[in-house]
Amino acid sequence: MQIDRGLDKLLHGQYEEALEAFCQSSSSPQAEKLCQITKALAETKNYAAELAKGNLSVTPPASSNSFAAELNTLHMNLRRLSRQMLMVSAGYPALPADYMGELSDGLDFVMNQAATLKNQAEYDKSHDSETGLLNRKAFVRSVRGILQEQPDRVGVLFCCELDNIKYINDAYGYDNGDLYLSRVAEVLAACTYGTSFLARPAGNEFAVYAHGFNNESDAFGFAQGCLKTLLNTRVMLRNEEVWIRASSGAAVYPHDALEGDTLMNCAYHAQLEVKSRNRGTLMRFCPEIYRTKANVFGRQEKLNELLDGKLLRFAFQPIVSLHDARIIGYEALMRPTIPDFSNPLDVLALAENQSKLLQLEKVTFEIIFEWVHSHKHLLADRKIFFNTISTRFLNLAELRGIHPQCEAICKNMVFEILETATVENSLAQQVKDFRTEMSTQVALDDFGCGHSNILRLINLSPDILKIDRFFIKSIHNTSASQKELLSGLLNYCRAKGILSLAEGVETSDELASVIRMGFDYVQGFYLGRPEKHLNELDNNIQAEILDFHEKFYPHR
């Protein structure tokens, strides 16, 4: 019965159960032979399973039995079949059965070729294809490795950019440019000390790291020697010798940086400084300069953030009529909403430095136009005085791109021409056309400073002239000649129908003086500071204006 049970298990491939059944029938003369067959088949099955997985190094089944020849043949066929399957899966054509015997050697060749290609791919991944030098990533990895192995020694990272490579490519052709680059690589390869690495991080940039110095002075001296060797080398191109020209930077480990990638960045930053300051020289990394540059870059990013997110708001300072103590409008004063900018002038200065004044002006127009559109019910007949930076948007086509309701909005606007606008002829015509198109008012701001002068007043003939605080400060104590000058200016404005506005009034005495002199409007801290909301005029200030007006003009 056990023999029958074992044969059944054997036919179903259940070798362990079959072996157990045969062993229990040891009295049977066939049991021992069946056990041998079962063990051989079990080994063969396990071996075939490993071959099917692609494990070509599996040990063949034991052949110390009467079925050795048969098992060996089965072993060879399974091995060859498995190898052929692997080759077919890799994209190679299937070979005829007659070539099965050559599969073993063929597969060995293929495996060797694959290993060679893999090594070549690894090399290409870490080296520059033209010069054979390390690329940037491999170079930094190498530097990082030596710093971990020998953290107590001093090292220096020297990097340089070729100053005349474009001239050489243009004058002698790219083949000679490649020759020039190869010569630079040869020169730097000869500059070694201790453990050294040489790289070509970018097209016309090279880097050398040397490790094992005893002090910073020796390390930086090595970098100086690298540049000196370069600059004293001439390359023969088309029977003409050309000097190597390069600007370079250096950073010393561990003083300047403790990590390989940081050290590379420090040296590169020094190289950039050399290019902007004194080409053809070497500069060691300077943390003070780096921090200054980093701060400027950070502020540039903050400016982009402010513009992209429209992170601006406006504060509104009242402008008051001196005839009836009534608020006739508010000046909208830009305020950044992020702490990186302390005041509007800070934003304007950086925007001008980064050539983004137009972008800033567009954003301010968009914000204030939307605000006026949303608050027309609060404004009624009051005006919003708004500074224009460049006068770029003082035309109907531009403003329609800002807001579809621009024509209605402009009826509540007074556009202030800043003193920075300088082109008198084109400016005057632009302002004239704009006032005709939009039926709006224009003010000349900061009169008496910069470009806001008599000629501009005559050419523009604005609706409102804003006299700068320079003339208003302590006006009650000013000289007679200055008062005479202001009186003449006010007489001109009245004759031309131009309304006058005194800026920066901060005391009661200044308020009294501008009323006495005949100004039409007034603006300043004494009457109200810029606030987020449209505040009304204080009753006491209102009464004071009316009292002064009655005092100076009793019969009006």
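Residues numbered from 1 in each chain as written. Predicted model: local features only at pLDDT ≥ 70, side-chain atom pairs only at ≥ 80, totals over all residues. Heavy atoms only, no water.

Examining helix H10 (residues 260-277)
With 18 residues, H10 extends 26 Å from end C-alpha to end C-alpha; this agrees with the ideal 26 Å at 1.5 Å per step. Those residues of H10 that sit buried are Gly260, Leu263, Met264, Cys266, Ala267, His269, Ala270, Gln271, Glu273 and Val274. (Helix = DSSP H or I, 4+ residues; strand = E, 2+ residues; numbered from the N terminus. Expected span 1.5 Å × (residues − 1). Buried < 20%, exposed > 50% of the residue type's maximum accessible area, 1.4 Å probe, protein only.)

Some details on the packing of aromatic side chains
Counted under the stated rule, the structure contains 13 aromatic pairs. The residue whose ring lies beneath Arg392 is Phe393, and the NZ or CZ to ring-centre distance is 5.7 Å. Cation over ring: Arg529 sits above Phe525, and NZ or CZ is 4.1 Å from the ring centre. (Phe/Tyr/Trp six-rings, centres within 6.5 Å; stacked < 30°, edge-to-face > 60°. Lys NZ or Arg CZ within 6 Å of the ring centre and 35° of its normal.)

Examining the sheet that holds strand S3 (residues 205-213)
Across the sheet, which stays open at both edges, the five strands sit in the order S2-S3-S1-S6-S7 with mixed pairing between neighbours. Each edge of the open sheet is held by one strand with a lone partner, namely strand S2 (195-202) and strand S7 (282-284). Neighbouring strand axes in the sheet, compared pairwise and without regard to direction, differ in orientation by 20 degrees on average. As judged from the eight bridges shared by strand S1 (residues 154-162) and S3, these two strands associate in the antiparallel manner. (Pairing = 2+ DSSP bridges. Axes fitted to C-alpha atoms, helices over the stretch in contact; angles between N-to-C directions.)

As for helix H8 (residues 174-189)
Taking 1.5 Å as the rise per residue, H8 with 16 residues should run 22 Å; its terminal C-alpha atoms sit 22 Å apart, in good agreement. All of the buried residues along H8 are Asn176, Gly177, Tyr180, Leu181, Val184, Ala185, Val187 and Leu188.

So, the state of the cysteines
All told, the structure shown has zero disulfides when counted by the stated rule. Free cysteine: Cys406, not disulfide-bonded; nearest cysteine sulfur from Cys410 at 5.8 Å. (Disulfide = S-S within 2.5 Å.)

Looking at the sheet that holds strand S13 (residues 464-467)
As summarised here, the arrangement of the eight strands in space is S8-S9-S10-S11-S12-S13-S14-S15, forming a closed barrel in which the pairing is mixed. As paired elements, strand S10 (residues 383-388) and strand S11 (residues 413-417) share five bridges and run parallel to each other. Along S11, the bridge assignment pairs Phe385 with Val414.

Some words on the pattern of salt bridges
Scanning the entire structure with this criterion turns up 24 salt bridges. Two residues, Arg284 and Asp256, come together in a salt bridge whose shortest N-O distance is 3.2 Å. Taken as a pair, Arg284 in strand S7 and Asp256 in the loop between strand S6 (246-253) and H10 lie far apart in primary sequence, 28 residues in all. With a shortest N-O distance of 2.5 Å, Glu366 and Lys362 are connected by a salt bridge. Placement of both Glu366 and Lys362 in helix H13 (residues 357-374) is noted, with a separation of four residues, approximately one turn of the helix. According to the relative accessible area criterion, Glu366 is buried, its value standing at 16%. By sharing partners, the salt bridges in this structure join Glu331, Glu416, Lys466 and Glu503 into a single network. (Salt bridge = Lys/Arg side-chain N within 4 Å of Asp/Glu carboxyl O.)

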